[in-house]
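Fold and geometry: a report
The chain contents come next:
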Amino acid sequence: MTEIAARAVGVDIGGTGIKAGVVDVTTGTLISTRAKVATPEGAKPRDVLAAVEQVLDLLDVAEDKIPLGVAFPAIIKSGRTMSAANVSDEWIGFEAEKFFEDGLGRDIHFANDADVAGIAEVRFGAAKDQAGLTILTTLGTGIGSAMIYNGVLVPNSELGHVQRAKHGKDAEAYAANSVMERLGLSWAQWAKRLQWYYSHLEFLFSPDLFVVGGGVSKSSDKFLPLLDLKTPIVPAVHRNNAGIIGAAALAAD
Ligand code: BGC
């Protein structure tokens, strides 16, 4: 029989910050403070590893051998990172899981950041018991996505990189939350960009539910009501902690 641990640590590596917490994986709740360090400039493997060590020290779990899940903003195949949208190109084709395991001296479970956020929302949040297709998107430095069909994750969907033909840019370069911040867009101006994005996803996939995660989901009342979609669209219950919770939950399986 497979044993499921009751506690696990989740680390969520993002383009801007690296966050970690201890999670009760039976309930999907954070049972520690949330530790956070900035993602090092350039996000090269060695520097990111040092930052992960630092965040585990802050949590005081560096020596604790409970399961550890690490979420990363790239396509991940058999423990290798296969893309690098907001991190150093050194990650492309890099044996990242092994690199972290060797560096931290322990086993880890390694997965895409948006995929683990999707797992958190399916198990413990906004997409619990949702039938059909749920698409979770994280609006942050980039746009991440998790596609979940009847509770089963289809990994590495990368819907932040669908192309916007009109501008020859991908969706995240047009509609990520970092773009709103960089250009100083109002909620209404940003919502117009999100309208294009979610309408396009709706046309491509006919989902049953959209879940919106990422730090900005705490202000979802400012932009979700401005969207006009056929598909219900709701904020992630675990907001910006979904990555930590999902990474920990997968590690504990
Ligand atoms: C990456 C994804 C990631 C997303 C959110 C994108 O740029 O390609 O893998 O999930 O950012 O961090």
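Residues numbered from 1 in each chain as written. Predicted model: local features only at pLDDT ≥ 70, side-chain atom pairs only at ≥ 80, totals over all residues. Heavy atoms only, no water.

Right, let's talk about the sheet that holds strand 14 (residues 209-213) for a bit. Spatial ordering of the open sheet is given by 11-10-9-14-15, a layout of 5 strands whose pairing is mixed. Because the sheet does not close on itself, it has two edges, and the strands there are strand 11 (152-154) and strand 15 (233-235). Averaged over neighbouring strand pairs, the angle between their axes works out to 30° when direction is ignored. As paired strands, strand 9 (residues 133-139) and strand 14 are joined by 5 bridges and run parallel to one another. Pairing of Thr 134 across the sheet is with Leu 209, part of strand 14. Running at roughly 45° to strand 10 (residues 143-149), helix 3 (residues 113-124) makes contact with strand 9, strand 10, strand 11 and strand 14 of the sheet. (Pairing = 2+ DSSP bridges. Helix = DSSP H or I, 4+ residues; strand = E, 2+ residues; numbered from the N terminus. Axes fitted to C-alpha atoms, helices over the stretch in contact; angles between N-to-C directions. Contact = heavy atoms within 4.5 Å.)

The subject of this paragraph is the packing of aromatic side chains. Working definition: an aromatic ring pair is given by the centre-to-centre distance plus the angle between the planes. Across all of its chains, the model carries 14 aromatic pairs by this definition. Taking 6.0 Å as the distance between ring centres and 40° as the angle between the ring planes, the aromatic pair formed by Phe 72 and Phe 110 counts as tilted. Remark: Phe 110 occurs in strand 8 (residues 109-112) and Phe 72 occurs in strand 5 (residues 68-72); sequence separation between them is 38 residues. Like Phe 110, Phe 72 is buried. (Phe/Tyr/Trp six-rings, centres within 6.5 Å; stacked < 30°, edge-to-face > 60°. Buried < 20%, exposed > 50% of the residue type's maximum accessible area, 1.4 Å probe, protein only.)

On to the pairing of strand 1 (residues 7-13). Within strand 1, 6 of the 7 residues are buried, which leaves the element mostly enclosed by the surrounding structure. The pairing of strand 1 with strand 2 (residues 17-24) spans 7 bridges and is classified as antiparallel. Paired with Ile 13 across the strands is Ile 18, a residue of strand 2. Here strand 1 folds back onto strand 2, and the loop between the two strands holds 3 residues. Pairing between strand 1 and strand 5: 4 bridges, direction parallel. Opposite Gly 10, over in strand 5, you have Gly 69 as the bridge partner.

With respect to the helices and strands, the residue Ile 245 is situated in helix 8 (residues 242-252). Considered as a pair, Ile 245 and Val 22 are 223 residues apart in the sequence and their alpha carbons are 8.3 Å apart. Not counting chain neighbours up to four residues away, the residues in contact with Ile 245 comprise Val 23, Gly 28, Ala 120, Phe 124 and His 238.

Attention shifts here to helix 3. For helix 3, with 12 residues, the first-to-last C-alpha span of 16 Å sits near the 16 Å given by 1.5 Å per residue. Most of helix 3 is tucked away: 11 of the 12 residues are buried. Listed in full, the buried residues belonging to helix 3 are Asp 113, Ala 114, Asp 115, Val 116, Ala 117, Gly 118, Ile 119, Ala 120, Glu 121, Val 122 and Phe 124. At the N-terminal boundary of helix 3, the capping side chain belongs to Asn 112, with an oxygen 2.9 Å from the backbone nitrogen of Ala 114. (Expected span 1.5 Å × (residues − 1). Polar contact = N/O pair within 3.5 Å; in protein donor to acceptor, adjacent residues only side chain to side chain.)

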